[in-house]
Amino acid sequence: MEIRTVGVVGAGQMGNGIAHVMALAGYDVMLNDISQDMLEKGLAKIHSNLERQVSRDKISADDMKAAMARIKPTVQLPDLGQVDLVIESATEREAVKQSIFEQLVPHLEPHTILTSNTSSISITRLASGTDRPEKFMGFHFMNPVPIMQLVELIRGIATDQETFQACSAVVEKLGKTSATSEDFPAFIVNRILMPMINEAVYTLYEGVGNVTSIDVSMKLGTNHPMGPLELADFIGLDTCLAIMNVLHDGLADTKYRPCPLLTKYVEAGWLGRKTGRGFYDYRGETPVPTR
Ligand SMILES: CC(=O)CC(=O)SCCNC(=O)CCNC(=O)[C@H](O)C(C)(C)COP(=O)(O)OP(=O)(O)OC[C@H]1O[C@@H](n2cnc3c(N)ncnc32)[C@H](O)[C@@H]1OP(=O)(O)O
Ligand SMILES: NC(=O)C1=CN([C@@H]2O[C@H](COP(=O)(O)OP(=O)(O)OC[C@H]3O[C@@H](n4cnc5c(N)ncnc54)[C@H](OP(=O)(O)O)[C@@H]3O)[C@@H](O)[C@H]2O)C=CC1
């Protein structure tokens, strides 16, 4: 089946990026969030990111105008009932995602494909709470969505081939590249990336280095574009902790135990860039390390 309309649930950093690339590729997008404020901030972010692409001659002003016109914001989840494809991108908490699917399913067309942008949670388990596990899969974008080339595609145990092909075709239309992962905790990218970030936090916790020396070491020593602590702040420390907990619980191996210092930052509400403070303090002109 051909996908023409897309519903995105959650207008945070990932949801607004997904709405951005979908609209630019010609899909009509319904963007939903529980918070009107987050919806407005999400739309403003899409606008400024599109403007940046226009100023760098990546897209034309007409492309930008057309993309903005294709995005319809709504705080009413049932407004997504008519779309061909739903990409859920709300907070990384299983109960939140399950509740969204539970509320949405009664309003959906029978043909609608349901997907989640989850970073780590079992696709099979999320699918089993819906009426269509065969039309459910993982559609995992990378941050920042307009820039990163990869989309991980994850089949649940029941996902059918037609659903997988329809999602692969969307990735192609976006001009991105897909990699397929089996449905195990945190899939491929975060199975490898998140233990590295967690280890960087242990390195800080144990005093092996400070924020600056750890990030400089990994940037200049291994040519990573961002140091691991800078990247953790960019992803969101709540999301990093949630992923570590899924790895720890799902694989039952102590090598995945989240660093207590990561837990402490999350408990403080220091979630990284999105709250203005994490391993760095972003409230001034330039980021300042907090340790
Ligand atoms: C947690 C998960 O589930 C999975 C994940 O996503 S893990 C995280 C994956 N992401 C990464 O690892 C990102 C690592 N960092 C990077 O690649 C780079 O630092 C970066 C691309 C984010 C920024 O690159 P940079 O060279 O420092 O900055 P800059 O030169 O200003 O920007 C490079 C490009 O990114 C764009 N960009 C930067 N930040 C952006 C943002 N937040 N949103 C949209 N576009 C952005 C810029 O416009 C620029 O675009 P062009 O090349 O088209 O002109
Ligand atoms: N951050 C990253 O680098 C990546 C994240 N992901 C995944 O994407 C998803 C979203 O992450 P991210 O965008 O970073 O998180 P954010 O915290 O930036 O955004 C989450 C958004 O979801 C909203 N939300 C919460 N509950 C609901 C609900 N019931 N209905 C609709 N919206 C809701 C939140 O609103 P409010 O703030 O009002 O609660 C917020 O606007 C997560 O599953 C995450 O694991 C995937 C790839 C990369």
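Keep in mind that what you see is a predicted model, and the values were worked out from it rather than measured.

Rules used throughout
- Residues numbered from 1 in each chain as written.
- Chains lettered and ligands numbered in written order.
- Predicted model: local features only at pLDDT ≥ 70, side-chain atom pairs only at ≥ 80, totals over all residues.
- Heavy atoms only, no water.
- Near = heavy atom within 4 Å.
- Polar contact = N/O pair within 3.5 Å; in protein donor to acceptor, adjacent residues only side chain to side chain.
- Areas by Shrake-Rupley, 256 points an atom, 1.4 Å probe, with all protein chains shown as cover.
- Helix = DSSP H or I, 4+ residues; strand = E, 2+ residues; numbered from the N terminus.
- Nonpolar A, V, L, I, M, F, W, Y, C, P; charged D, E, K, R; others polar.
- Contact = heavy atoms within 4.5 Å.
- Domains from an automatic or database assignment.
- Pairing = 2+ DSSP bridges.
- Axes fitted to C-alpha atoms, helices over the stretch in contact; angles between N-to-C directions.

## Regarding the site of ligand 1
Of all residues adjacent to ligand 1, which total 18 residues, the nearest are Arg56, Ser119, His140, Asn143 and Asn190. Note that an oxygen atom of ligand 1 is positioned 2.7 Å from one of the side-chain N or O atoms of His140. Measuring from an oxygen atom of ligand 1, one finds a side-chain N or O atom of Asn190 at 2.8 Å. Coverage of ligand 1 by the protein chains reaches 68% of its 1,000 Å² of free accessible surface. Broken down by secondary-structure element, the contributors of at least two residues to the shell around ligand 1 are helix 2 (36-55), helix 7 (189-205) and helix 9 (228-235). Residue composition of the shell around ligand 1, by class: ten nonpolar, five polar and three charged.

## Overview of the environment of Lys72
With respect to the helices, strands and loops of the structure, Lys72 is situated in strand 3 (residues 71-74). Beyond its immediate sequence surroundings of up to four residues, Lys72 is in contact with Val29, Met30 and Leu31.

## A few points about the site of ligand 2
In the vicinity of ligand 2 lie 26 residues, with Asp33, Glu92, Lys97, Ser119 and Ile235 positioned nearest. Here an oxygen atom of ligand 2 and a side-chain polar atom of Asp33 are 2.7 Å apart. The side chain of Asn143 places a nitrogen or oxygen atom 3.0 Å from an oxygen atom of ligand 2. Protein chains bury 85% of the 890 Å² of accessible surface belonging to ligand 2 in isolation. Elements represented by at least two residues in the shell around ligand 2 include exactly helix 1 (13-24), helix 4 (94-104) and strand 6 (136-141). Among the elements that take part in the shell around ligand 2, helix 4 stands out by supplying three residues, more than any other. Classifying every residue of the shell around ligand 2 by side-chain character gives nine nonpolar, 13 polar and four charged. Counting contributing residues, the shell around ligand 2 receives three or more from each of domain 1 (5-182) and domain 2 (191-289).

## Comments concerning the sheet that holds strand 6
Spatially, 3-2-1-4-5-6-7-8 is the arrangement adopted by the eight strands of the open sheet, whose pairing is mixed. In this open sheet, the two edge strands, each paired with only one partner strand, are strand 3 and strand 8 (177-181). With strand direction ignored, the average angle separating the axes of adjacent strands in the sheet is 25°. As judged from the four bridges shared by strand 2 (residues 28-32) and strand 3, these two strands associate in the parallel manner. If you follow Asn32 over to strand 3, its bridge partner there is Thr74. In the packing of helix 1 onto the sheet, contacts are made with strand 1 (5-9), strand 2, strand 3, strand 4 (85-88) and strand 6, and the angle to strand 2 comes to roughly 170°. Packed onto the sheet, helix 2 meets strand 2 and strand 3 and runs at close to 160° relative to strand 3.

No statement about biological role is implied by the geometric values presented.
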